[in-house]
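# Descriptive structure summary
Residues per chain, in single letters:
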Amino acid sequence: MRAAVRLAVAIDGMMPRDALILVAIHRRSVASLARESAAVLHRDLERFSLSSRGQRLVGHRGVPSLRRVKSWVGQCEQLVAHWIQNHPAETQVAA
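Keep in mind that what you see is a predicted model, and the values were worked out from it rather than measured.

Before going further, it helps to spend a moment on the overall build of the protein chain. The number of helices and strands found in the protein chain is seven helices and zero strands. Starting at the N terminus, the α and β elements of the protein chain follow one another as α-α-α-α-α-α-α. A principal-axis box enclosing the C-alpha atoms of the protein chain has dimensions of 45 × 25 × 25 Å. Among the 95 residues that make up the protein chain, the fraction classed as buried is 35%. In the protein chain, once contacts between residues fewer than 6 apart in sequence are set aside, the share between residues at least 24 apart is 49%. Roughly 6,200 Å² of accessible area belongs to the protein chain as shown, and the carbon and sulfur atoms make up 56% of that amount.

The structure is reproduced here in structure tokens:
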């Protein structure tokens, strides 16, 4: 639940329901979304929506559009790039 809240707050236009679905498919952070292909992420969302758990979470609204998913991935890439630019020493330690 905390991971979903963090995602929804960090990404403009993301609804809390969408963040819960992303966490359910093990996309729990901005960094993990930044490494994703929007098409693969959208495919995974569609597959999850076919499961019984997915049907409960997604409901009649359906999965977010590919366009919306691309927007999320793009925002996450920018956030990660900005963080790396402002924390170069920490980035080198992590590598």
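Past the structure itself, the notes keep going.
Time to look at the packing of helix 4 (residues 38-49) against helix 6 (residues 66-86). Interaxial distance between helix 4 and helix 6 falls to 9 Å at its minimum, and their mutual angle equals 125 degrees. In terms of their interaxial angle, helix 4 and helix 6 are classed as oblique. The two elements helix 4 and helix 6 meet at a crossing, and its hand is right-handed. Within the contact between the two elements, helix 4 uses Ala 38, Ala 39, Leu 41, His 42 and Leu 45 and helix 6 uses Leu 66, Val 69, Lys 70 and Val 73. Partitioned by chemical class, the residues of the contact of helix 4 with helix 6 number seven nonpolar, one polar and one charged.

Residues Met 1, Val 5, Val 9 and Leu 20 make up a contiguous nonpolar surface patch of roughly 420 Å² in combined accessible area. Note on placement: Met 1 falls in the segment before helix 1 (2-10). Note on Met 1: relative accessible area 70%, which makes it exposed.

Before going further, it helps to spend a moment on the environment of Val 40. By the element assignment, Val 40 lies in helix 4. When the C-alpha atoms of Val 40 and Trp 72 are compared, they prove to be 13 Å apart, with 32 residues separating the residues in sequence.

What follows is about the nonpolar core. Of all hydrophobic cores here, the largest spans 23 residues; its most connected members are Leu 7, Leu 22 and Leu 41. For this core, the secondary structure elements donating two or more residues are helix 1, helix 2 (16-24), helix 3 (30-34), helix 4 and helix 6. Ranked by the residues each element gives to this core, the list is headed by helix 2, at five residues.

Bringing the side chain of Arg 27 into the picture now. Here Arg 27 shows up in the loop between helix 2 and helix 3. Note on Arg 27: relative accessible area 11%, which makes it buried. Engagement of the side chain of Arg 27 in a polar contact is seen with the side chain of Asp 44, the distance being 2.5 Å. If sequence neighbours within four positions are ignored, Arg 27 has contacts with Leu 7, Leu 22, Ser 32, Leu 33, Glu 36, Leu 41 and Asp 44.

Criteria and thresholds
- Residues numbered from 1 in each chain as written.
- Predicted model: local features only at pLDDT ≥ 70, side-chain atom pairs only at ≥ 80, totals over all residues.
- Heavy atoms only, no water.
- Helix = DSSP H or I, 4+ residues; strand = E, 2+ residues; numbered from the N terminus.
- Buried < 20%, exposed > 50% of the residue type's maximum accessible area, 1.4 Å probe, protein only.
- Contact = heavy atoms within 4.5 Å.
- Areas by Shrake-Rupley, 256 points an atom, 1.4 Å probe, with all protein chains shown as cover.
- Axes fitted to C-alpha atoms, helices over the stretch in contact; angles between N-to-C directions.
- Parallel < 35°, antiparallel > 145°, perpendicular 65-115°, else oblique.
- Left-handed = near helix turned anticlockwise from the far one by under 90°.
- Nonpolar A, V, L, I, M, F, W, Y, C, P; charged D, E, K, R; others polar.
- Patch = residues over 30% accessible without salt bridge, like charges linked within 9 Å, V, L, I, M, F, W, Y side chains within 5 Å.
- Salt bridge = Lys/Arg side-chain N within 4 Å of Asp/Glu carboxyl O.
- Core = buried A, V, L, I, M, F, W, Y, C linked by side-chain atoms within 4.5 Å.
- Polar contact = N/O pair within 3.5 Å; in protein donor to acceptor, adjacent residues only side chain to side chain.

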